[in-house]
Amino acid sequence: MNSTVFINILRFVLLALTQVLVFNNLNFMGFINPMVYVIFFYWYPIKGNRALFMFTAFLLGLFIDIYSDTLALNALASVTVAYARPALMRLCFGINYEFQNFNFRHTTTVQRITFLAFIVLLHHMIFFFFEILSLSHFLLILKKVFATGIVTLILCVLFSSLFSPKSE
């Protein structure tokens, strides 16, 4: 088995278990529940098979939904992020990411954190909009998106710095 495939399977399993067993049981201030599994979309290989990536994103979201009782909201948000990832990469890294020799190590820290922030923001906007499903509660949606998003982003940046291979 290819080492990249093994690492991605290991990340999938560990992130799903960490989310379900640890982070779903945390509630800061009664409504902030970090969703650190979104870092999987950041760590997935750039040149990986896109159809496989979308299917894996669906499975990850569905697994989280089954154990979180969230009615496929995580699956919806995960597939949306997986679909939009190339556009987000183009936005953050420019045309450079399409070249064969593109690597995250050749980008700035600001670009990487911006990319991760866009992933978290998109995921949380989809998740909380469909959770509440009412534009009359727009301020509540924004409050949940930004409060949970900031905590999730901080934890994802910490995880990324701890568990990523050697950086710049």
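Residues numbered from 1 in each chain as written. Predicted model: local features only at pLDDT ≥ 70, side-chain atom pairs only at ≥ 80, totals over all residues. Heavy atoms only, no water.

Caption draft 1: A look at the overall build of the protein chain. If you tally the helices and strands in the protein chain, you get 6 helices and 0 strands. Reading the secondary structure of the protein chain in the N-to-C direction produces α-α-α-α-α-α. For the protein chain, the C-alpha radius of gyration of 16 Å lies close to 15 Å, the compact-globule estimate for 168 residues. Along the first, second and third principal axes, the C-alpha atoms of the protein chain reach 45 × 30 × 30 Å. For the protein chain, with 168 residues in total, the buried portion stands at 40%. (Helix = DSSP H or I, 4+ residues; strand = E, 2+ residues; numbered from the N terminus. Rg over C-alpha atoms; globule rule 2.2 N^0.38 Å. Buried < 20%, exposed > 50% of the residue type's maximum accessible area, 1.4 Å probe, protein only.)

Caption draft 2: Seen up close, the nonpolar core. Counting residues in hydrophobic clusters, the biggest one holds 42 residues, and the most contacted among them are Tyr37, Phe40, Phe41, Tyr42, Phe115 and Ile119. Counting residues per element, the ones that place at least two in this core are α1 (3-21), α2 (39-43), α3 (50-68), α4 (73-93), α5 (109-132) and α6 (138-163). It is α4 that provides the largest number of residues to this core, a total of 8 residues. Sequence-distant contacts of phenylalanine 41, that is, excluding residues within four places in its chain, are made with Phe53, Ala57, Leu60, Ser78, Val81, Arg85 and Ile119. (Core = buried A, V, L, I, M, F, W, Y, C linked by side-chain atoms within 4.5 Å. Contact = heavy atoms within 4.5 Å.)

Caption draft 3: Structural detail: α4. Helix length check: α4, at 21 residues, gives a terminal C-alpha distance of 29 Å against a target of 30 Å (1.5 Å per residue), a fit within 8%. Of all the bends in α4, the greatest, near 50 degrees, is centred on arginine 85, and the proline proline 86 appears no more than four residues after it. Directly beyond the C-terminal end of α4, a positive phi value near 75 degrees is found at glycine 94. (Expected span 1.5 Å × (residues − 1). Bend = angle between axes of the 7 residues up to and from the residue.)

Caption draft 4: Summary view of the packing of α3 against α4. It is at 7 Å that the axes of α3 and α4 come closest, and there the two elements cross at 155 degrees. In terms of axis orientation, α3 runs roughly antiparallel to α4. Where α3 crosses over α4, the two elements pack in a sense that is right-handed. Residues Arg50, Phe53, Met54, Ala57, Phe58, Gly61, Leu62, Ile64 and Asp65 of α3 lie in contact with α4, whose contacting residues are Leu73, Asn74, Ala75, Ser78, Val79, Ala82, Tyr83, Arg85 and Pro86. (Axes fitted to C-alpha atoms, helices over the stretch in contact; angles between N-to-C directions. Parallel < 35°, antiparallel > 145°, perpendicular 65-115°, else oblique. Left-handed = near helix turned anticlockwise from the far one by under 90°.)

Caption draft 5: Up close: the environment of valine 110. The residue valine 110 is located in helix α5 in this model. Distance from valine 110 to cysteine 92, taken between C-alpha atoms, is 9.4 Å for residues 18 residues apart in sequence.

Caption draft 6: Inspection of the side chain of histidine 123 at higher detail. Note on placement: histidine 123 falls in helix α5. With a relative accessible area of 0%, histidine 123 lands in the buried category. Reaching out from histidine 123, the side chain makes a polar contact with the side chain of tyrosine 37 at a distance of 2.7 Å. If near-sequence neighbours (up to four positions away) are discounted, histidine 123 is found in contact with Met35, Tyr37, Val38, Asn74, Ala77, Ser78 and Val81. (Polar contact = N/O pair within 3.5 Å; in protein donor to acceptor, adjacent residues only side chain to side chain.)

Caption draft 7: Structural detail: the environment of isoleucine 9. Its location among the elements puts isoleucine 9 in helix α1. Given a relative accessible area of 44%, isoleucine 9 falls into the partly exposed group. Separated by 47 residues in sequence, isoleucine 9 and threonine 56 place their C-alpha atoms 9.6 Å apart.

Caption draft 8: Structural view of a nonpolar patch on the surface. On the surface, Val5, Ile9, Val13, Leu17, Leu21 and Val22 cluster together into a nonpolar patch covering about 480 Å² of accessible area. Counting through the fold element by element, valine 13 comes out in helix α1. (Patch = residues over 30% accessible without salt bridge, like charges linked within 9 Å, V, L, I, M, F, W, Y side chains within 5 Å. Areas by Shrake-Rupley, 256 points an atom, 1.4 Å probe, with all protein chains shown as cover. Salt bridge = Lys/Arg side-chain N within 4 Å of Asp/Glu carboxyl O.)

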